[in-house]
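Residue strings, one per chain:
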Amino acid sequence: MIPLAVPDLTGNEGCYLQECIDSTFVSSVGPFVGRFETAVAQAAGAPHAVATASGTAGLHVALTALGVGRDDLVILPSLTFIASANAIAYCGATPWLLDVAAESWTLDADLLERVLQDQTIRQGEHLVHRESGRRLAAILPVYTLGLPAHMERIVAIARAYRLPVVADAAAALGSTAQGRAVADLGADLTVFSFNGNKTVTAGGGGAVVGTDAELMQLVRHLTTTARQGDNYDHDRIGFNYRLTNIQAAVGCAQLERLHAFVEAKRRIHARYAVAFQASPRLQPFPAPAGFASACWLSGTVVTGLEPAEMATLLDGLRQEGVGARSFWKPIHLQAPYRQAPRTAQPVSESLWFRIVTLPCSTGLTEHEQDSVIAAVKKRLADF
Ligand SMILES: Cc1ncc(COP(=O)(O)O)c(C=O)c1O
């Protein structure tokens, strides 16, 4: 089986892990954590980073630091991994689910502007969702597959409505938009994941990145149980969300190879796009002009098949030894969020079940990729 995505741990990972063991620094106290934060901030293009136990924890703490709380609403594209919605729910808030733009699979900025105009009203300091009477507390765009959302517009809209923006950039380290680094696109806080399937992994882990030193200090404080000094004083309800030195050691070694990993991912993405371009039934993943995605996952979009046929195609690919998978099922179709307020979802509903993610490990050889391409063409011919 050619796997979907496996990490390359052949750099300094083993050596740095041994350093953790030899030094006995295995917890969240240890030199690799600080090193990891410096490296993430630099790679993301912002001055400050706080390492977290996961990307989900990073999102939760970022939203909390920006004041999202009980009974609030947070705008979120429905086409995302469930962790984005869960982080909102952990705050006691509810996602307000918008559709994505067809050309990017990220939050539709026109739709965002329209719903804010038509469905909210300002009441003093608060922007309120007319129908539910709830406060709208933030906007959470998602950088789908690593592709940044149209942040120039989203941030301008957010500013006009005085809403903070948290970017879920889980898989977007190494991406740029209009030549700007991924954490320099105007979001108040940008959150990354380093779980096992990401281009750069720490085994598990996340990071919150930002430019506002005071806000970032609050993020750090919240991740360390809101502890003040060494005497068990805590000034609010915080979280135990720190990354461990062991995870940071792996993350540091991985970050040393970020550029090579992202280059490999982009090469794989481009090869699939070229290989499938002659097939009228296969479309590439989005690549809008001006944006350079880190291309976390690659694959293809199949046209003209029903959901059951797509499941058969995926089964067939696995029988061919190809670790193909479907992609995110939108949040409004997930049991915990069926009641969440939402817009109509023509793009996400017609798209999600037709996406096939294909093997794209950074170590994938051209020969392996050619076998994947041949298997896709062969199995598609069955329909
Ligand atoms: C878009 C998105 N948001 C959030 C997460 C959650 O990150 P983690 O698994 O590190 O908690 C992921 C990845 O798993 C993701 O893809």
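Residues numbered from 1 in each chain as written. Predicted model: local features only at pLDDT ≥ 70, side-chain atom pairs only at ≥ 80, totals over all residues.

Participant: Explain the overall build of the chain to me, please; I cannot follow it from the model alone.
Facilitator: Counting secondary structure elements, the chain contains 12 helices and 17 strands. When each of the 383 residues of the chain is scored for burial, the buried share is 51%. Contacts spanning at least 24 positions in sequence make up 71% of the contacts within the chain whose residues lie at least 6 apart. (Helix = DSSP H or I, 4+ residues; strand = E, 2+ residues; numbered from the N terminus. Buried ≥ 20, exposed ≤ 12 C-beta atoms within 10 Å, placed from the backbone. Contact = placed C-beta atoms within 7 Å.)

Participant: Can you walk me through the site of the ligand in this structure?
Facilitator: The environment of the ligand is formed by 14 residues, the closest being Ser-54, Gly-55, Thr-56, Ala-170 and Ser-193. Among the secondary structure elements, those contributing two or more residues to the shell around the ligand are helix 3 (55-65) and helix 4 (82-90). In the shell around the ligand, the residues fall into 5 nonpolar, 8 polar and 1 charged. (Near = placed C-beta within 6 Å. Nonpolar A, V, L, I, M, F, W, Y, C, P; charged D, E, K, R; others polar.)

Participant: Can you help me understand the sheet that holds strand 15 (residues 291-292) in this one?
Facilitator: If you trace the 3 strands from one edge of the open sheet to the other, you get 9-8-15, paired in antiparallel fashion. For this open sheet the edge positions go to strand 9 (180-181) and strand 15, each flanked by a neighbour on one side alone. (Pairing = 2+ DSSP bridges.)

Participant: Help me understand the domain arrangement of the chain, please; the structure alone is not making it clear to me.
Facilitator: When the parts come together, some accessible area is lost, and that loss is often what is quoted as the size of the interface. Taken domain by domain, the chain holds domain 1 (13-255) and domain 2 (258-380). Centre-to-centre, using C-alpha coordinates, domain 1 lies 25 Å away from domain 2. The interface of domain 1 with domain 2 comprises 41 residues on the first partner and 32 residues on the second. Secondary structure elements with two or more residues in the side of domain 1 that touches domain 2: helix 4, strand 3 (94-98), helix 5 (109-119) and strand 8 (176-177). (Domains from an automatic or database assignment.)

Participant: Quick question: what am I supposed to make of the packing of helix 5 against helix 6 (residues 151-160) here?
Facilitator: Any two packed helices are characterised by the angle at which their axes cross and by the distance between the axes. With their axes 9 Å apart at the nearest point, helix 5 and helix 6 run at an angle of 10° to one another. With respect to helix 6, the element helix 5 is oriented roughly parallel. Of the residues in helix 6, those in contact with Ala-109, Leu-112, Glu-113 and Leu-116 of helix 5 are Arg-153, Ile-154 and Ile-157. Per-class residue counts for the contact of helix 5 with helix 6 are 5 nonpolar, no polar and 2 charged. (Axes fitted to C-alpha atoms, helices over the stretch in contact; angles between N-to-C directions. Parallel < 35°, antiparallel > 145°, perpendicular 65-115°, else oblique.)

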